[in-house]
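Structural characterization, general
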Amino acid sequence: MTTSQPEATPTPNSAVGHDPAFIEVERFSFWYGAAQALFDISLEFPERRITAFIGPSGCGKSTLLRNLNRMNDLIDGVRHEGDIRLDGTSLYDPAVEVISLRKRVGMVFQKYNPFPKSIYENIVFPLRVAGRGSRSELDETVERSLRGAALWDEVKDKLHESAYSLSGGQQQRLCIARAIANRPQILLMDEPCAALDPVATLKIEELMMELRKEYTIVIVTHNMQQAGRCSDHTAFFYLGRLIEYAPTLQLFESPAKEQTEAYISGRFS
Amino acid sequence: MTSSTGNKRVKGEVQIWLSGMGLAIGCLMVGALLALILWRGLHVFWPQEVLHFKIAEGEQTVEVFGQVKDRGASGVRDENDEFIPQISLFTGHREVFGISYRTVREPLVLESRVAQGVMVADRVSGGAGMFLPSHLVPAEGDEIKADDPAFVDELRKLVRQGNRLRRQIRQIERIEIGRVNDRIQAEERHLRAARRAGAENLEEIRAEVERNIESLNEDFARLAAQAGEKRQELELARIHFRLGDGSEHEHAVSNITRFHYPNQLSLGGKLAEFGRGLWAFLSQEPRDSNREGGVFPAIFGTFVMTILLAVMVTPFGVIAAIYLREYAKQGPLVRTVRICVNNLAGVPSIVFGVFGLGFFVYGVGGFIDGGARHPWPSPLWVAAVVGFFAVLTAAVLMGLRLSPAPGKPPAGKLLGAIGGGLWVLAAVLLLGVVAKNPYFGGFFAADLPTPTFGTGGILWASLTLALMTLPVVIVATEESLAAVPRGVREAALACGASKWQTIQRIVLPGAAPGIMTGVILAMARGAGEVAPLMITGVVKMAPSLPIDGEFPFIHAERKFMHLGFHIFDLGFQSPDAEAAKPMVFATTLLLITLVVVMNLSAILIRNHLRRKYAASSF
Ligand SMILES: Nc1ncnc2c1ncn2[C@@H]1O[C@H](COP(=O)(O)OP(=O)(O)OP(=O)(O)O)[C@@H](O)[C@H]1O
Ligand SMILES: [Mg+2]
């Protein structure tokens, strides 16, 4: 990794496992058909850090996030300019296989979307499609992921019941468990706590702090406190443009742009 | 303000009433139809009272035993234009009266009273019998008078014996003699094949075949003699009886398969007789040109055909729908295909029948029997084989190049089109190579000109119906695929699943209940269809079932019987239409029941699937 890091962060860097992952977005613009959703965005995500996206509804947070694992490829008539690089390789390099990319980049969606299967099968799905999994590995993965998503105690006795028998918040945590089952390097979370009560939200935040040791996390949130509490960096978007990107403390205490200040202090028109 | 909303409500109310009325009328019509069929269909088996009629016929009076089947429903007008109601009288005994029904003007009935001691017998020939038994003459021993207390038991014993004997005869004539016949045919086929192949030791073969046939003929004669003996045995015990006019008649006891005394039955006895009649109808083969006996072969044929149809239509329909919905680029071409598929559903079924006859029966069936009718000359064929492999290799190589290999740019549009074209060319060549093969002489060439597959059969009939119901399955599957929420598809892809894995593991299970619905509709439509079957394999009387204990157990080439065709045949092709009417109703009831039962089981399977994959969107 030759690119210089944007800043020196205090590293609890005893983390083991993955190669360092590092995302660079360079002059990235994106169109849904004729409508441009992102305008010339450049930013970099340091590895093993939490980056938060904030901004008013419809400003393009999800769009950028979904580009990081090329989820937007599935939509007809989309187009992009600029580049996104992961660990130095462009996502759009023909040599990159989307499937293996998505195995490295896990995602939790804005709307929880468990499969119409049992809880157990939901979590082992990423392993199954990867063709992996002895019985013991699957069992171990299920327990680890569910504990990670703070769901284990609630569902450990009904692992083979339908995922739809869970409450909305439980289903969301199930989706988080599923996203971390195959140990991705990067975790994209689109408003993961929107459907959760404060206790569960706190658990998810603890989980993120835990995951931060191994994963690079990008989170979209409408909750300023959450962004302030648990992210290292924050990016503020407005109408498809990146307005400000800075270490969280700095962005919240002394925002450089007026729009940012207006938004975080709730005086936004 | 209030009055205007009030007005509006009143206006709306009228429409609600109207639509409610429409629904009610619809329900009423369906309900009435079902009730009619249920009543008339089940009534057939209810033991009915037998009356003794005195009827004026010109100067004379005629006396008969009969059951009233229809009173006052029809009538005639006399010279003075006055309406005279008629009754329809079932008298049985075709061997005596010529027909088993007669229509009588009501005023001509001089007297009718319950006839004491009359027996109603279900008989092998001559239709039902209604008579006063007078005495039995067993094969050996003394005759037994009808008023002897032992009479009924003795008769029952003899009837049972007769039934058993007839089953044995059937076994010998159908199965064992059939087997010998098959072997004789096989020997002859062997000889023909040898002659055709120009075998050198033809004389030897001929001698051996003749020897074999000789011994088979001996078997045949022995079996035939056995059957003949049993037939004679059937004729030994006789029953004597009197008809309504007091005339004496007699025939073999074995002519009777079942009997009861309708005028002396208690309710329980009637119920038991009803059950026996119903069971005989369901389990027996038709006799006496389908007017008597049961409809088991037709039930079985309908069932097997519908299952075959479902088994064939489901994979084709589902694969086509998956391609159309999930893989094909949605554009004018796909839209056109979709419109064509939908229009296929509106093509009259007889058109499919004609197509099935031309393509499946004569084309594919003829090919299986005797090979290509106009094969290509050998050099051309060899060239085609070589060409096929060349094109196939090219297409595969092209495909490998086209799939974006690591580090290479994806191929252009033109190359893609060429690759597709190569596949189509390869498919066409393969078709030609198979269909025009000069070296393939057919699997049943030795039987020709008697066709094996080149004539109607259950396989071709089911295939034709599968083709006809394909649009139903495609449309239903496409709809249920589209109904699988985008969210779960994205979730699967985000987990690193490939497109096919997503379809196979997430989308198809989610769509399964909807697909089942399509299959149910297809089965319902196919099971009741008659017109295309009439030219692709249904017959009035099939000698054997499409599935039986004979190797290879499933005989896809056999002709079969079908309830729908049975109804048509009985009701409209039978010489004694009035006599067939009850059977028509019973068969209709049965067909409806069969369709309902099959649909119900499919619905149960669907509900089970639905529970299993309880996706929120269905
Ligand atoms: N599939 C799509 N097709 C067309 N336009 C889209 C699509 N998805 C999003 N957009 C448009 O792109 C813009 C950005 O949408 P995006 O979903 O990224 O917003 P967001 O910041 O995530 O908002 P929210 O906070 O409400 O989730 C919006 O104007 C939206 O209308
Ligand atoms: Mg969003």
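Refer to the structure above for everything that follows.
The following refers to the structure shown. Every chain begins its residue count from 1, and numbering advances along the sequence as written. A letter from A marks each chain and a number from 1 marks each ligand, given out in the order of writing. Local features in a predicted model are, by the rule used here, given only for residues with pLDDT of at least 70; side-chain atom pairs are given and counted only at 80 or more, and totals for whole chains, interfaces and linings are based on all residues. Only heavy atoms go into the side-chain values, all of them from the structure, while hydrogens and water stay out.

A run of DSSP states H or I qualifies as a helix once it reaches four residues; a run of E qualifies as a strand once it reaches two. Both are numbered from the N-terminal end. Along chain A, the regular secondary structure elements total 10 helices and 10 strands. At 18 Å, chain A has a C-alpha radius of gyration in line with the 18 Å of a compact globule built from 269 residues. For chain A, the spread of C-alpha atoms along the three principal axes comes to 50 × 45 × 40 Å. Buried, partly exposed and exposed residues are distinguished by accessible area as a fraction of the type maximum, computed with a 1.4 Å probe on protein chains only: under 20%, between the cut-offs, and over 50%, respectively. For chain A, with 269 residues in total, the buried portion stands at 52%. Methods summary: accessible areas were calculated by the Shrake-Rupley approach with a probe of 1.4 Å, and residue burial reflects only the protein chains presented. Taken as a whole, chain A presents about 11,600 Å² of accessible surface, with 49% of it coming from carbon and sulfur. Positive charge is attributed to Lys and Arg, negative charge to Asp and Glu, and no charge count is given to His or to the chain ends. Note on charges: their place is set at NZ of Lys, CZ of Arg, CG of Asp or CD of Glu. The average position of the 30 basic charges and that of the 35 acidic charges among the side chains of chain A differ by 4 Å. Only C-alpha atoms enter the radius of gyration; for comparison, a globular chain is expected to reach 2.2 Å times N to the power 0.38, where N is the number of residues.

What chain B contains, in helices and strands, is 16 helices and 13 strands. Here the C-alpha atoms of chain B give a radius of gyration of 33 Å, more than 25% beyond the 25 Å that 2.2 N^0.38 yields for 618 residues. Dimensions along the principal axes, computed over C-alpha positions, put chain B at roughly 110 × 105 × 50 Å. The buried share of chain B, reckoned over its 618 residues, is 42%. Residues count as neighbours in contact if any of their non-hydrogen atoms are within 4.5 Å of one another. Restricting to contacts in chain B with at least 6 residues of sequence separation, those with at least 24 account for 69%. Accessible surface for chain B amounts to roughly 33,100 Å². Of this, 64% is attributable to carbon and sulfur atoms. Here chain B contributes 62 positively and 57 negatively charged side chains, and the mean placements of these two sets differ by 15 Å.

With 24 residues of chain A in contact, the opposing surface of chain B contributes 23 residues. Of the roughly 2,000 Å² buried at the junction of chain A and chain B (both faces included), carbon and sulfur atoms supply 66%. A pairing counts as a salt bridge when a side-chain nitrogen of Lys or Arg comes within 4 Å of a carboxyl oxygen of Asp or Glu. On the surface where chain A and chain B come into contact, there are one salt bridge. With its nearest N and O atoms 2.8 Å apart, the salt bridge here joins Arg66 of chain A to Glu490 of chain B. Here the quantity called buried area is the total loss of accessible area, with a 1.4 Å probe, experienced by two parts when brought into contact, counted for both.

Coordinating donors are taken to be N, O and S atoms lying within 2.8 Å of the metal, or within 3.2 Å when the metal is Na, K or Ca; because water is excluded from the atom set, some sites may appear incomplete. Bound to the magnesium ion (ligand 2) are the protein donor atoms Ser62 of chain A (OG) and Gln110 of chain A (OE1), situated 1.9 to 2.3 Å from the metal. Taken as a pair, Ser62 of chain A in helix 1 (residues 61–67) and Gln110 of chain A in the loop between strand 6 (105–108) and helix 3 (119–129) lie far apart in primary sequence, 48 residues in all.

Turning to the side chain of Gln86 of chain B, a few remarks are in order. Here Gln86 of chain B lies in strand 3 (residues 83–90). Discounting residues that sit within four places of it in the chain, Gln86 of chain B has contacts with Asp70, Arg71, Gly72, Ala73, Ser74, Gly75, Val76, Thr103, Val104, Arg105 and Glu106 of chain B.

This part takes up the site of ligand 1. All names here are of chain A. Residues are counted as near a molecule or strand when any one of their heavy atoms sits within 4 Å of it. Neighbouring residues of ligand 1: 13 residues in total, closest Ser57, Lys61, Ser62, Thr63 and His222. The definition of a polar contact used here is a pair of N or O atoms within 3.5 Å, where within protein one atom must be able to donate a hydrogen and the other to accept one, and adjacent residues in sequence count solely through side-chain atom pairs. Within the backbone of Gly60, one N or O atom sits 3.0 Å away from an oxygen atom of ligand 1. In this structure, Thr63 approaches ligand 1 through a side-chain N or O atom, which is 2.5 Å from an oxygen atom. Contact with the protein chains hides 61% of the accessible area of ligand 1, taken as 630 Å² for the molecule alone. The biggest single contributor to the shell around ligand 1 is helix 1, with three residues.

Residues and elements named next belong to chain A. Two strands pair if DSSP finds at least two bridges between them. Spatial strand order, 6-7-8-3-9-10: six strands in an open sheet with mixed pairing. The strands lining the two open edges of the sheet, one partner per strand, are strand 6 and strand 10 (241–247). Strand-to-strand twist of the sheet, defined as the mean angle between neighbouring strand axes without regard to direction, takes the value 15 degrees. Looking at chain direction, strand 3 (residues 50–54) and strand 9 (residues 233–238) are connected through four bridges and run parallel. Paired with Ala52 across the bridge in strand 9 is Thr234. Docked against the sheet, helix 7 (residues 198–211) engages strand 3, strand 7 (186–190) and strand 8 (216–220), running at close to 150 degrees with respect to strand 8. Simply put, an axis is a line fit to the C-alpha atoms, just over the touching stretch for a helix, and the angle between two N-to-C directions goes from 0 to 180 degrees.

Position of Val386 of chain B among the secondary structure elements: in helix 9 (residues 378–402). Separated by 47 residues in the primary sequence, Val386 of chain B and Val433 of chain B place their C-alpha atoms 9.9 Å from one another.

With that settled, consider the side chain of His562 of chain B. Residues and elements named next belong to chain B. Its place among the elements puts His562 in the loop between helix 14 (531–534) and helix 15 (563–573). Judged by its relative accessible area of 1%, His562 falls in the buried class. With residues near it in sequence (within four places) discarded, His562 still touches Ala298, Thr302, Met305, Ala527, Glu529, Leu533 and Val538.

Attention now goes to the packing of helix 6 (residues 168–181) of chain A against helix 7 of chain A. Residue and element names in this part refer to chain A. Interhelical geometry of helix 6 versus helix 7 gives an angle of 10 degrees and a closest axis separation of 12 Å. Our classification of the angle between helix 6 and helix 7 gives roughly parallel. Residues Arg173, Ile176 and Ile180 of helix 6 touch helix 7, and the partners they reach there are Ala200, Ile204, Leu207 and Leu211. Of the residues that constitute the contact of helix 6 with helix 7, the class distribution is six nonpolar, no polar and one charged. By the definition adopted for this analysis, an angle is roughly parallel if under 35 degrees, roughly antiparallel if over 145, roughly perpendicular if from 65 to 115, and oblique otherwise. For this classification, Asp, Glu, Lys and Arg are treated as charged, while Ala, Val, Leu, Ile, Met, Phe, Trp, Tyr, Cys and Pro are nonpolar and the rest, including Gly, are polar.

What follows deals with the nonpolar core. Definition used in this section: a nonpolar core is a set of buried Ala, Val, Leu, Ile, Met, Phe, Trp, Tyr and Cys residues joined via side-chain atoms within 4.5 Å. Core analysis: the largest hydrophobic core is formed by 70 residues, its most contacted members being Val25, Phe53, Leu64 and Leu68 of chain A. Sorting elements by how many residues they give to this core places helix 16 (residues 577–612) of chain B first, with nine residues. Here Leu68 of chain A is in contact with Ile23, Val25, Phe45, Ile84, Leu91, Leu101, Val105, Leu188 and Val218 of chain A, once residues within four sequence places are set aside.

Right, let's talk about unusual backbone geometry for a bit. Residues and elements named next belong to chain A. We note that Asp40 has phi near 50 degrees; this positive angle belongs to a residue other than glycine. Structurally, the position occupied by Asp40 is in strand 2 (residues 35–45). One non-glycine residue, Arg183, lies in positive phi territory at about 50 degrees. Along the chain, the position of Arg183 falls in the loop between helix 6 and strand 7.

This brings us to the pattern of salt bridges. All names here are of chain A. Across all of its chains, the model carries 41 salt bridges over all chains by this definition. For Arg85, the salt bridge goes to Asp83, with nearest N and O atoms at 3.6 Å. Overall, the relative accessible area of 18% leaves Asp83 in the buried class. For Glu137, the salt bridge is made with Arg132, and the minimal N-O distance between the two is 2.9 Å. Residues joined by salt bridges that share partners form a network here, namely Glu24, Glu26, Asp83 and Arg85.

Attention now moves to helix 7 (residues 332–344) of chain B. One turn of the α-helix equals 3.6 residues, which is why residues spaced by three or four share an orientation. All names here are of chain B. The end-to-end C-alpha distance of helix 7, which contains 13 residues, comes to 18 Å, matching closely the 18 Å that a straight helix rising 1.5 Å per residue would cover. When helix 7 is considered as a whole, its buried residues turn out to be Val334, Arg338 and Val341. What you see down the axis of helix 7 is that its buried residues fit within an arc of 60 degrees, all on one side. Helix 7 presents Pro332, Leu333, Arg335, Ile339 and Asn343 as exposed residues on the side facing more than 90 degrees away from its buried surface. Those residues of helix 7 that are buried are in contact with helix 6 (296–327) and helix 11 (458–483). A helix is expected to span 1.5 Å for every residue after the first. Working note: the arc is built from the helix axis to C-beta atom directions.

In this section: the packing of helix 6 of chain B against helix 13 (residues 499–527) of chain B. All names here are of chain B. Contact pair helix 6 / helix 13: the axes reach a minimum separation of 9 Å and the direction vectors enclose 140 degrees. The orientation of helix 6 with respect to helix 13, classified from their angle, is oblique. Helix 13 is crossed by helix 6, and the crossing has right-handed handedness. Judged by residue contacts, Thr302, Met305, Thr306, Leu309, Ala310, Val313, Thr314, Val318, Ile322, Glu326 and Tyr327 of helix 6 engage Lys499, Trp500, Ile503, Val507, Leu508, Ile515, Val519, Ala522, Met523, Gly526 and Ala527 from helix 13. Residue composition of the contact of helix 6 with helix 13, by class: 16 nonpolar, four polar and two charged. Crossing handedness follows the turn of the near helix against the far one: under a right angle anticlockwise gives a left-handed crossing, and clockwise gives a right-handed one.

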